[in-house]
Amino acid sequence: MATNPSLVAVETGSGKFQQTVRVGEHVFLADEPVSFGGADSGPSPYDLLLAALGTCTSMTMKMYADRKGIPLESVYIVLEHSREHVDDCSTCNNEDNRIDVIDRSITLYGDLTDEQRQKLLEIAEKCPVHRTLENRIDIHTTEVRD
């Protein structure tokens, strides 16, 4: 069981796709929607990925605004994941030239100047999760036997 807040433990739950997720002291369910054969008992894996980006973006913008004395009251972010086919994708690493796309719409609340708004949108691009998703990611898998 993951008790270190930087570790995430995932275990098979009930039904076809349900998973129990443990992050430190937090426990919640992940699942797929009914339309994909799940029970919709929790967010899907892609929902969690988008939530990670959205929460990190909002936290980073708010932290920057607080530090710089920018009157940002709140941030509202809507994210959507899709895949696009690109005919001549020179950077695609798959045979069918499909790339994952995340659309992120940000609404800023507060008495902000155009310059402050622009700076906050620049800061959104620098949140740690955003940077991680734009990096090359190597995933190392190890089987653990009981």
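The text that follows walks through the structure, step by step, so that each part is easy to find.

Within the sequence span of helix α2 (residues 114–124), burial applies to Leu120, Ile123 and Ala124. The buried residues of α2 occupy an angular sector of 105 degrees when the element is viewed end-on, so they sit on one face. What points out from α2, more than 90 degrees from its buried face, is the exposed set Asp114 and Glu115.

A sheet is described by the order of its strands in space; here three strands give the open sequence β1-β2-β3, paired in antiparallel fashion. Since the sheet does not close on itself, it has two edges, and those belong to β1 (8–12) and β3 (26–30), each with one partner. Adjacent strand axes in the sheet meet at a mean angle of 25 degrees, parallel and antiparallel pairs treated alike. Pairing of strand β2 (residues 19–23) with β3 involves five bridges; the strand directions are antiparallel. Paired with glutamine 19 across the two strands is alanine 30, which belongs to β3.

This next bit is on the packing of helix α1 (residues 45–68) against α2. Interaxial distance between α1 and α2 falls to 9 Å at its minimum, and their mutual angle equals 135 degrees. Taken together, the axes of α1 and α2 lie oblique to each other. Here the hand of the crossing between α1 and α2 comes out right-handed. Between α1 and α2, the contacting residues are Thr57, Thr60, Met61, Tyr64 and Ala65 on the first element and Lys119, Leu120, Leu121, Ile123 and Ala124 on the second. Considered class by class, the residues forming the contact of α1 with α2 number seven nonpolar, two polar and one charged.

One non-glycine residue with positive phi stands out, namely aspartate 40, at about 55 degrees. Mapping aspartate 40 onto the fold places it in the loop between β3 and α1.

Let us look at the environment of leucine 79. Summarising the element assignment, leucine 79 is placed in strand β4 (residues 72–85). As a C-alpha pair, leucine 79 and leucine 50 span 29 residues in sequence and 6.2 Å in three-dimensional space. Contact partners of leucine 79, with chain neighbours within four places excluded, come to Leu50, Leu53, Gly54, Ile102, Asp103 and Arg104.

Applying the stated criterion across every chain, the model contains seven salt bridges. Ionic pairing is found between aspartate 100 and arginine 83, a salt bridge with its closest N-O pair at 3.1 Å. In this pair, aspartate 100 sits in strand β5 (residues 98–110) while arginine 83 sits in strand β4, placing the two residues 17 residues apart along the sequence. The class for aspartate 100 is partly exposed, based on a relative accessible area of 48%. Note that glutamate 125 is salt-bridged to arginine 104, the shortest N-O span being 3.1 Å. On the criterion of sequence distance, the pair formed by glutamate 125 in the loop between α2 and α3 (128–134) and arginine 104 in strand β5 is long-range, its members being 21 residues apart. Given a relative accessible area of 41%, glutamate 125 falls into the partly exposed group.

Conventions we followed
- Residues numbered from 1 in each chain as written.
- Predicted model: local features only at pLDDT ≥ 70, side-chain atom pairs only at ≥ 80, totals over all residues.
- Heavy atoms only, no water.
- Buried < 20%, exposed > 50% of the residue type's maximum accessible area, 1.4 Å probe, protein only.
- Helix = DSSP H or I, 4+ residues; strand = E, 2+ residues; numbered from the N terminus.
- Arc of directions from axis to C-beta.
- Pairing = 2+ DSSP bridges.
- Axes fitted to C-alpha atoms, helices over the stretch in contact; angles between N-to-C directions.
- Parallel < 35°, antiparallel > 145°, perpendicular 65-115°, else oblique.
- Left-handed = near helix turned anticlockwise from the far one by under 90°.
- Contact = heavy atoms within 4.5 Å.
- Nonpolar A, V, L, I, M, F, W, Y, C, P; charged D, E, K, R; others polar.
- Salt bridge = Lys/Arg side-chain N within 4 Å of Asp/Glu carboxyl O.

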